[in-house]
Amino acid sequence: MASSLLPGLLSSTLPSRTLTRLSLQQFPIRPTSRTQYPSLRVLSIASMAYERELSVAKKAASLASRLCQKVQKALLQSDVQSKSDKSPVTVADYGTQALISFVLQREIPSDSFSLVAEEESGDLRKEDSKEILKRITELVNDTLSADGTYSLSLSEDDVLAAIDSGKSEGGPHGRHWVLDPIDGTKGFLRGDQYAIALALLDEGKVVLGVLACPNLPSRPIGEPEKHSLQNSVGCLFSASIGGGSVLQLLDGSSPTKVHVSTTENPAEASFFESYEAAHSMRDLSSSIAKKLGVQAPPVRIDSQAKYGALARGDGAIYLRFPHQGYREKIWDHAAGYIVVAEAGGVASDASGKPLDFSRGRYLDLDTGIIVTNQKLMPLLLNAVREALKEQSQSASTL
Ligand SMILES: Nc1ncnc2c1ncn2[C@@H]1O[C@H](COP(=O)(O)O)[C@@H](OP(=O)(O)O)[C@H]1O
Ligand SMILES: [Mg+2]
Ligand SMILES: [Mg+2]
Ligand SMILES: [Mg+2]
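Predicted model, so just to flag it, every value in this text is computed and none were measured. (Residues numbered from 1 in each chain as written. Chains lettered and ligands numbered in written order. Predicted model: local features only at pLDDT ≥ 70, side-chain atom pairs only at ≥ 80, totals over all residues. Heavy atoms only, no water.)

Student: Teacher, can you tell me more about the site of ligand 1 here?
Tutor: Around ligand 1 lies a shell of 17 residues, among which Ser274, His279, Ser303, Lys306 and Asp332 are the nearest. Measuring from an oxygen atom of ligand 1, one finds a backbone N or O atom of glycine 184 at 2.8 Å. For ligand 1, an oxygen atom lies 2.6 Å from a polar atom in the backbone of serine 303. Isolated, ligand 1 exposes 570 Å² of accessible area, and the fraction of that covered by the protein chains is 85%. Mapped by element, the contributors of at least two residues to the shell around ligand 1 are strand S4 (175–183) and strand S12 (317–320). A total of three residues in the shell around ligand 1 trace back to one element, the largest contributor, which is S4. Residues that form the shell around ligand 1 fall into these classes: five nonpolar, five polar and seven charged. (Near = heavy atom within 4 Å. Polar contact = N/O pair within 3.5 Å; in protein donor to acceptor, adjacent residues only side chain to side chain. Areas by Shrake-Rupley, 256 points an atom, 1.4 Å probe, with all protein chains shown as cover. Helix = DSSP H or I, 4+ residues; strand = E, 2+ residues; numbered from the N terminus. Nonpolar A, V, L, I, M, F, W, Y, C, P; charged D, E, K, R; others polar.)

Student: Even after reading the chapter, I still don't get the coordination of the magnesium ion (ligand 4), so can you show me in this structure?
Tutor: Ideal geometry at a metal gives 109.5 degrees between four tetrahedral donors and either 90 or 180 degrees between six octahedral ones. Donor atoms from the polypeptide that coordinate the magnesium ion (ligand 4) comprise Glu118 (OE), Asp180 (OD) and Ile182 (O), at 2.0 to 2.2 Å from the metal. Every donor residue of the magnesium ion (ligand 4) comes from the same chain, spaced as E-x61-D-x1-I. Between the two metals, the magnesium ion (ligand 4) and the magnesium ion (ligand 2), the spacing is 3.7 Å, and glutamate 118 donates to both. (Donors = N, O, S within 2.8 Å, 3.2 Å for Na, K, Ca; no water.)

Student: Is there a simple way to explain the domain arrangement of the chain in this structure?
Tutor: When its domains are assigned, the chain resolves into domain 1 (25–258) and domain 2 (266–393). If you average the C-alpha positions of domain 1 and of domain 2, the two centres end up 24 Å apart. Taken together, the contacts link 51 residues of domain 1 with 31 residues of domain 2. Summing both partners gives a buried area of about 2900 Å² for domain 1 against domain 2, and 64% of it is carried by carbon and sulfur. Along the contact surface separating domain 1 from domain 2 lie two salt bridges. (Domains from an automatic or database assignment. Contact = heavy atoms within 4.5 Å. Buried area = accessible area lost by both parts, 1.4 Å probe. Salt bridge = Lys/Arg side-chain N within 4 Å of Asp/Glu carboxyl O.)

Following this line, the structure appears as structure tokens:
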């Protein structure tokens, strides 16, 4: 588990000869009044089986959202790198992954710690990344010390090791944390929506999920602004299996249970899709929406904030149809999936098969992902089937 992270972590605080005999349990957590999350009411309505894991996941995601907000406020060009697949990655993606990996290992010590996460440290270990690594380490340490829970400081090696703890392959056995440190990095860079998405798999099933959406308004998307008090931003969705889905504000307001829209009438339903046109085929979504009789234009926002918004009923449908050849990763959906499922929604691939998170880092699925409420799902599946048939017919006549 934390073996790779632990020695470096402790090296600044302990004589090296003591390192082999120490475990993380020997460093008790010291909560302060500021870090006492308003978790009591949440825990009373959430499944007790994963109570501790859920509370740690919420704490980790909340801390990470502070780190991300700080970076988003003062985004510098030097904070952004381009990965080998040309997608952007920022100091906040790396910092969040290191921070959450550290908090999980520290607070839930386990010999079989496993984390399936998006980022890895390869680029940060290069000679020209020294400055960026220093900045990430400072960000992580500043966030930890501002919180007051931890009195130690991570070294650059600790940060690299914490990031690389996310290399697990996941799979159908045992427990695996699943993390997208910033989902919607493009939205984050634009100053729009993004989410910190953390879930836990147990024997191949998603058993809890936390979605921190620092820029998501507390009022429903699309609803006109009313009173200034209702205009706060920063939502924390959390769910554990059998415990329902809960929304609280990142500023710590009291939690409330959320439920997906109960509409049975597609004409009243609005649908979400990616803000980025390259991430989902818009002509296909629009053909599906038309067949269903959806009247409203699509609501386009980045990240798993779409799942959060759907879970509280802001819209009734989420359509995601990546271009051919794109393979969905489990961290792009695990947390959002359980937040919606526990709010009474259903998610499946385009052929109606449930999403299977037990097959490793990828979600191997048929064509796309669709999410809605129980009543609309059969209608939606019919519309998807017809639209896909038409799409393949028109492709074969070209
Ligand atoms: N061509 C593509 N098709 C579908 N999804 C893509 C994509 N390129 C990137 N993505 C994924 O889309 C995620 C963002 O989702 P959304 O479109 O809902 O905002 C990205 O997550 P990251 O931002 O974590 O890399 C990335 O994993
Ligand atoms: Mg990415
Ligand atoms: Mg993502
Ligand atoms: Mg990401």
